[in-house]
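# Chains, contacts and geometry: an overview
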Amino acid sequence: MTGKAAAKRLVLTMFTHSRCQLCVDAKEALEQVRKQVPFEMTEVDIKQRGNEKWFEEYKYDVPVIHANGEFLLWHRVNVSDTISKLQNTNYNK
């Protein structure tokens, strides 16, 4: 490693479930975001066993997106707004 600190990796987590059309739309929009702001993405199915906490928190609000463990947005992904949020905050620093 050089004298510079390693760049922080950006990881988006999408809280979703299998019957969520807004989640499908959000994934498509996030692919557009990824062209400007690179990130890795994981998905959490809130209806899957072991995710009861997330189900109780987000059952009426999927999709919900976290960036590096912090709430970023929910429901619809506006591509330009999301790019701006990720570029102008500490999520990607």
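Residues numbered from 1 in each chain as written. Predicted model: local features only at pLDDT ≥ 70, side-chain atom pairs only at ≥ 80, totals over all residues. Heavy atoms only, no water.

## What about unusual backbone geometry?
Cis geometry marks the peptide bond from valine 62 to proline 63; its omega dihedral reads 0 degrees. With respect to the helices and strands, the residue proline 63 is situated in the loop between helix H2 (52-58) and strand E3 (64-67). Of note in this structure, asparagine 68 is not a glycine but carries a positive phi near 50 degrees. Positionally, asparagine 68 belongs in the loop between E3 and strand E4 (70-74). The backbone of histidine 75 shows a phi angle near 70 degrees, a positive value even though the residue is not glycine. As for its placement among the helices and strands, histidine 75 is situated in the loop between E4 and helix H3 (79-87). (Helix = DSSP H or I, 4+ residues; strand = E, 2+ residues; numbered from the N terminus.)

## Let's talk about the environment of asparagine 51
Within the secondary structure, asparagine 51 is located in the loop between strand E2 (40-45) and H2. Here asparagine 51 falls in the buried class, since its relative accessible area comes to 15%. Along the chain, asparagine 51 and phenylalanine 15 lie 36 residues apart, while their C-alpha atoms are 9.9 Å from each other. Each residue touching asparagine 51, except ones within four places of it in the same chain, is listed here: Val44, Asp45 and Ile46. (Buried < 20%, exposed > 50% of the residue type's maximum accessible area, 1.4 Å probe, protein only. Contact = heavy atoms within 4.5 Å.)

## Concerning the pairing of E4
Bridging between E3 and E4 involves four bridges; their strand directions are antiparallel. Its bridge partner lying in E4, isoleucine 65 is registered against leucine 73. Linkage of E3 to E4, two consecutive antiparallel strands, is achieved through a turn of two residues, within which asparagine 68 is found at a positive phi near 50 degrees. (Pairing = 2+ DSSP bridges.)

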